[in-house]
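Take a look at the letters that make up each chain.
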Amino acid sequence: MHNQKKELENGAPNNGGTGSSAMEMFGIRVQKYVANLCSRENLADLFFEYFLPASQVVAIGFPFIWARPGAYLSQYSTIGYVLIGIIFLVLGLKLKTDEIKDALRSGHVFLVGIISSLFITGVVAAGLTGELPWDEPFTPVANRTSMFGPYEFRIGVMLYYSVPCTITAGIVLVQQAEGNLPMAGAIATVANVIGCYTTPILLQLFLAKAEGKFDVASVLLKLTFSILMPVIVGKLLQCIPAVPKAVKKVKRWISIVTSTCLALMLWMKVSKAVEDDAFSGIKWQSLLILVGIVIVMCIINLTVNVSLSALLCLRHPYVRVMILMVSQKTLVMAITLVQILPETIGSIGLILVPLFVAHPTQIMVFSLIAPQLKKYPFDFNCPRFFPSKIVAMCDWLNSKKEAEAPPALSGVVIENPEAAAVTTQPNGHTAPVTDKV
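It should be emphasised that the depicted structure is a prediction, and the values quoted were computed from it without experimental measurement. (Residues numbered from 1 in each chain as written. Predicted model: local features only at pLDDT ≥ 70, side-chain atom pairs only at ≥ 80, totals over all residues. Heavy atoms only, no water.)

(A) Structural detail: the nonpolar core. Counting 98 residues, the largest nonpolar core has Phe110 and Leu324 as its most contacted members. With 13 residues, helix H17 (residues 348–375) is the single largest residue contributor to this core. Setting aside chain neighbours within four positions, we find phenylalanine 110 in contact with Ile100, Ala103, Leu104, Met183, Ala186, Ile187 and Val190. Counting 5 residues, the second largest nonpolar core, distinct from the first, contains Val90, Leu93, Val243 and Val247. (Core = buried A, V, L, I, M, F, W, Y, C linked by side-chain atoms within 4.5 Å. Buried < 20%, exposed > 50% of the residue type's maximum accessible area, 1.4 Å probe, protein only. Helix = DSSP H or I, 4+ residues; strand = E, 2+ residues; numbered from the N terminus. Contact = heavy atoms within 4.5 Å.)

(B) Region of the structure containing the confidence of the model for the chain. Of all residues in the chain, 79% attain a pLDDT of 70 or more, and the chain-wide mean is 78. Contacts of residues 401–437 to residues separated by more than four positions or lying in other chains number 34 contacts, the stretch itself having pLDDT below 50. (pLDDT = per-residue confidence, 0-100.)

(C) Spotlight on the environment of valine 319. Among the secondary structure elements, valine 319 is positioned in helix H15 (residues 316–326). Looking at valine 319, the relative accessible area reads 1%, which means it is buried. Along the primary structure valine 319 and valine 109 are separated by 210 residues, whereas in three dimensions their C-alpha atoms are 9.3 Å apart.

(D) Here's a closer look at the pattern of salt bridges. Across all of its chains, the model carries 4 salt bridges by this definition. The shortest N-O distance in the salt bridge between aspartate 276 and lysine 272 comes to 2.6 Å. Using a relative accessible area of 44% as the deciding quantity, one classes aspartate 276 as partly exposed. Residue lysine 272 is classed as partly exposed on the basis of its relative accessible area, which comes to 24%. (Salt bridge = Lys/Arg side-chain N within 4 Å of Asp/Glu carboxyl O.)

(E) Structural view of the packing of helix H7 (residues 107–130) against helix H14 (residues 284–311). It is at 11 Å that the axes of H7 and H14 come closest, and there the two elements cross at 140 degrees. One element, H7, and the other, H14, form an angle in the oblique class. In terms of crossing hand, the pair formed by H7 and H14 is right-handed. On H14, the residues touching Val112, Ser116, Ile120, Thr121, Val124, Ala125 and Leu128 of H7 are Ile293, Val296, Met297, Ile300, Asn301, Val304, Asn305 and Leu308. Its residues assigned to classes, the contact of H7 with H14 shows 11 nonpolar, 4 polar and no charged. (Axes fitted to C-alpha atoms, helices over the stretch in contact; angles between N-to-C directions. Parallel < 35°, antiparallel > 145°, perpendicular 65-115°, else oblique. Left-handed = near helix turned anticlockwise from the far one by under 90°. Nonpolar A, V, L, I, M, F, W, Y, C, P; charged D, E, K, R; others polar.)

(F) Summary view of the side chain of threonine 330. Structurally, the position occupied by threonine 330 is in the loop between H15 and helix H16 (331–340). Among the polar contacts listed, one links the side chain of threonine 330 to the backbone nitrogen of valine 332, at a separation of 3.3 Å. What threonine 330 contacts, discounting residues up to four positions off in sequence, is Tyr160, Val163, Pro164, Cys165, Thr166 and Asn192. (Polar contact = N/O pair within 3.5 Å; in protein donor to acceptor, adjacent residues only side chain to side chain.)

(G) Region of interest: the packing of H14 against H17. The N-to-C vectors of H14 and H17 enclose an angle of 45 degrees; their axes lie 9 Å apart at closest approach. Here H14 is positioned oblique relative to H17, judged by the angle of their axes. The way H14 lies across H17 gives a crossing that is right-handed. Residue-level inspection shows Leu287, Leu290, Val291, Val294, Ile295, Cys298 and Leu302 of H14 in contact with H17, the latter providing Val353, Pro354, Val357, Ala358, Thr361, Gln362, Val365, Phe366 and Ile369. Taken together, the residues of the contact of H14 with H17 sort by class into 14 nonpolar, 2 polar and no charged.

In structure tokens, the structure reads:
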């Protein structure tokens, strides 16, 4: 008895005490973990992080339970235009022209990124899907025989890969991979503004042989008033000093507003398609084929943008932008165009299906690539066996411009006009504080 008491005093646990204390410690750790997880800050972070995908899941799934409300609201096209206007007004409020100015210092990356995003992938998608045996346009459900699905699937794939690069997801992945964020933001902003005009024109060219035509001039006019004008208004509002401060203060809630508008547009379109019985007859094999097409397009986009990076001899911060930003597509612009395109082009619900398949698949693929780019950075150097003028041009394009480097201020004394503090001299007098660099 005396020995057991001595062991306990020395901290030597007995068998029964060990199991009890271990369970108690485990319980305490679980309680701390749950309490930390359920704290207001963590719950807020989870809410803002997952609101967008959760709202899209609800918007797509709820119409299959009750489609009537959304189908009824979809009759009023004005609602859709208002939602689009809100989304791009927010884009204008957050537009930063300083990023564009910084990106122009490396104009070759900026220009090639926009061209690749707006034109190359759309042309590749049109050529790839044009060779596949889809059903003929406007084929009734009972007469659909192709394993690849209805012709509207091809329109959806071409539409998705003709729109500009993504904004939110691309910037998040570039930041995660430690790429050049100003360049990523500039390419995304300019490409999305230009893309509202190039995408309908490309889509009309790609559908030249299809029965589903639309008036491209009318679509461009609608896009001007629903996309470009709100962006301009949002940018002009930044001239009011209080507006940028307010936007910065409620930045996370603004993202909730845009996500809600996007979800409402999805909800109305899917509800209308469900009520029209547009999804009946879709084979599960067709959905698997769509996933395969999206993965192939991801590989093609990667190959194209890595090749362009190699031709330009880009350094790794810009390579990450080309891979993670330029290779992806934006769901917002795709759904906006679906909202504006006339229904004579085909069943809008079926056109939306490739968008629903492509976007999450794309995010999953590039989410796996981003950490590897951070872990294994690589640069493309100009081969020295190239002609000397080409080597010199590559070195010049990728060298740091003098405008990017901070000016040499060594030994210069700069008076700080905002400094309120003063220093006391040995003679008792005071003098303003100066910053010596």
